[in-house]
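Residue strings, one per chain:
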Amino acid sequence: MAPAITLAADAPTLSAANTGFMLICSALVMLMTPGLAFFYGGMVRVKSTLNMLMMSFISLGIVTVLWVLYGFSMAFGTDSGSVIGWNSDWVGLSDIGLTELWDGYTIPVFVFLVFQLMFAVLTPALISGALADRVKFTAWALFIALWATVVYFPVAHWVWGAGGWAFELGVIDFAGGTAVHINAGAAALGVILVIGKRVGFKKDPMRPHSLPLVMLGAGLLWFGWFGFNAGSWLGNDDGVGALMFVNTQVATGAAVLGWLAYEKIRHGAFTTLGAASGAVAGLVAITPAGGAVSPLGAIAVGVIAGVLCAMAVGLKYKFGYDDSLDVVGVHLVGGILGSLLIGFFATGKGQSDVAGLFYGGGLDQFWKQCAGVFGVLAYSLVVSAVLAFLLDKTIGMRVSEDDEVAGIDQAEHAETAYDFSGAGGGAARTAATAPVAPAESKKVDA
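Caption draft 1: Spatial organisation of the side chain of Asn183. Examined against the element boundaries, Asn183 turns out to sit in helix α6 (residues 177-195). For Asn183, the contacting residues outside a window of four places in its chain are Trp147, Val151, Tyr152, Val155, Thr178, Val376 and Ser380.

Caption draft 2: Broad picture of empty space enclosed by the protein. Counting across every chain of the model gives one cavity of 30 Å³ or more. Taken as a whole, the largest cavity encloses approximately 80 Å³ of empty space. Looking at the lining of the largest cavity, the elements that each hand over two or more residues are α1 (16-43), α9 (272-289) and α12 (327-345). Of the residues contributing to the lining of the largest cavity, the split by class is seven nonpolar, two polar and one charged.

Caption draft 3: The packing of aromatic side chains, seen in detail. The full count for this structure, using the stated rule, is 29 aromatic pairs. When the centroid spacing of 5.8 Å and the interplanar angle of 20 degrees are considered together, the rings of Trp140 and Phe143 count as stacked. Taken together, the residues Trp140 and Phe143, both in helix α4 (residues 137-160) and three residues apart, mark about one turn of the helix. Note on Trp140: relative accessible area 0%, which makes it buried. Relative accessible area serves as the criterion here: at 1%, Phe143 is assigned to the buried category. Note on Phe201 and Tyr317: the rings are 5.9 Å apart at their centroids and 10 degrees apart in plane angle, and the pair reads as stacked. Note that Phe201 is positioned in the loop between α6 and α7 (211-230) and Tyr317 in helix α11 (residues 315-319), a separation of 116 residues in sequence. Exposure remark for Phe201: the relative accessible area of 7% places this residue in the buried category. Grouping aromatic residues by their ring pairs yields a cluster made of Trp67, Tyr70, Phe72, Phe76, Trp90, Trp102, Phe112, Trp147, Tyr152 and Phe153.

Caption draft 4: Local environment of the nonpolar core. In this structure, Phe72 and Leu131 are the most contacted members of the largest nonpolar core, which totals 125 residues. Residue contributions to this core peak at 17 residues, all from α4. Those residues in contact with Leu131, other than ones at most four positions away along the chain, are Met55, Trp140, Val191, Ile192, Ile195 and Ser324.

Caption draft 5: Examining the pattern of salt bridges more closely. Using the criterion set out here, one finds six salt bridges in the structure. Within the structure, one salt-bridge network assembled from shared partners comprises Arg45, Asp133, Arg198 and Asp322.

Caption draft 6: Focus on the environment of Ser80. The residue Ser80 is located in strand β1 (residues 78-80) in this model. Of the residues examined, Ser80 reaches a relative accessible area of 43% and is grouped as partly exposed. Residues Ser80 and Leu377, 297 residues apart in the sequence, show an inter-C-alpha distance of 21 Å.

Caption draft 7: Just the side chain of Ser56, in detail. Mapping Ser56 onto the fold places it in helix α2 (residues 49-76). Given a relative accessible area of 0%, Ser56 falls into the buried group. Contact partners of Ser56, with chain neighbours within four places excluded, come to Thr33, Leu36, Ala37, Ala125 and Ser128.

Rules used throughout
The numbers attached to residues start from 1 for each chain and follow its sequence in the written order. For this predicted model, a pLDDT threshold of at least 70 governs which residues receive local features, and a threshold of 80 or more governs which side-chain atom pairs are given and counted, while totals over whole chains, interfaces and linings are taken from all residues. Values shown for side chains rest on all heavy atoms present in the structure; no hydrogens or waters enter the calculation. Secondary structure counts use DSSP, requiring at least four H or I residues in a row for a helix and at least two E residues in a row for a strand, with both numbered from the N terminus. Any pair of residues with heavy atoms lying within 4.5 Å of one another is described as a contacting pair. Think of a 1 Å grid over just the protein atoms. A cavity is a set of points where a 1.4 Å probe fits yet cannot get out, a pocket is an open set with protein on both sides within 12 Å along at least five of seven lines, and lining residues have an atom within 4 Å of a point. Grid points are joined across faces, edges and corners, and a volume is the space filled by probe spheres set on the points. Put simply, Ala, Val, Leu, Ile, Met, Phe, Trp, Tyr, Cys and Pro go in the nonpolar bin, Asp, Glu, Lys and Arg in the charged bin, and everything else, Gly too, in the polar bin. A pair of Phe, Tyr and Trp rings is counted when the ring centres sit within 6.5 Å of each other, with Trp represented by its six-membered ring. The angle between the planes then sorts it: under 30 degrees is stacked, over 60 is edge-to-face, the rest tilted. Think of it in three bands: with a 1.4 Å probe and only protein chains considered, a residue is buried below 20% of the maximum accessible area for its type, exposed above 50%, and partly exposed in between. What we call a nonpolar core is a set of buried Ala, Val, Leu, Ile, Met, Phe, Trp, Tyr and Cys residues that are connected through their side-chain atoms within 4.5 Å. Counted as salt bridges are all cases of a side-chain nitrogen of Lys or Arg within 4 Å of a carboxyl oxygen of Asp or Glu.

Now the structure itself:
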């Protein structure tokens, strides 16, 4: 994703095929944010459904505007100190030619920036699943704006921007294991450690209200992820994007099997929620690794992620942090696994000639991956916690306990996800509209 230096005689020309391909990939990545909204929305209780959907959708508005104003410049502009970029010509996207190419590639700058925009939109939306049921919508919107500015844009530069410290170190992150998933997972952990647990955590049942909605969301995520992953090679003239496409499917299928096998052994059943969660765990883990490993390596990455992420989601009950929808267990743990396993399974025949331990490359790449993983994790965890603390002490992050118990949808959005007032017929409608004796009214209202 970084600019490459080319001689004038060898300078690339605009490719209509790669440009069209990347626009399609950008649309697929955009679809992932509504897909995530459905995935998370089905996992919460009925009274929080709309709020969960809105926590994803608002990112489409906020991050899009920030990306145009200064985010693209911060993430991919000229490097400063290996930590941040800046290009004043990109502020407001006001000085970019229609056919101006992204350095070293055959696609316009506008295509590259809109593809990267969709990554920037999705990443803070991922955090929202950890905060279900209890965060003020205004505070969440402000958190997104601040977090994108001081966490996502700089970290994207570290990992993918020319001159960024992780990029220069040689950390491999094909499509976002560090910049997206570890970044979001660590942020989720930082915020929930500040704002605390939901009312009734570990006491009240908090089961998903709509597993079909969860499966719909997982399916949309899986579909969109092909654009997320394969598109990150910015074209497919050499087949690496095709390898990533194949590995995305292979690892995800393997992760579903790994999660379900663990679930059957541990809990005695194959659950729908487990299948959907396993798919997402596999998608997360292959995201950084898919351009470096073989399809057999992708199976290994998927199975390992499926099993270990299934184990990790239970840690919240052991350690007492309320990660509502398992963002830490799936995205943080999955991102760490996928990034570190590159150090073992990289073949040296994919996106680069870097080989992992199992292919004769020793542990050199593994240690580079560790630096990228734990550098991003520590920064995002600490800064996200500080942002949440400041917001909590000023405007307040949480809704009142009464509003949380009654339902955040009604309190924050004045709506409910399902309106059954017109449902039913015949006897059911007659019973619903018949006068109620005073002695019975309390029972019916309850």
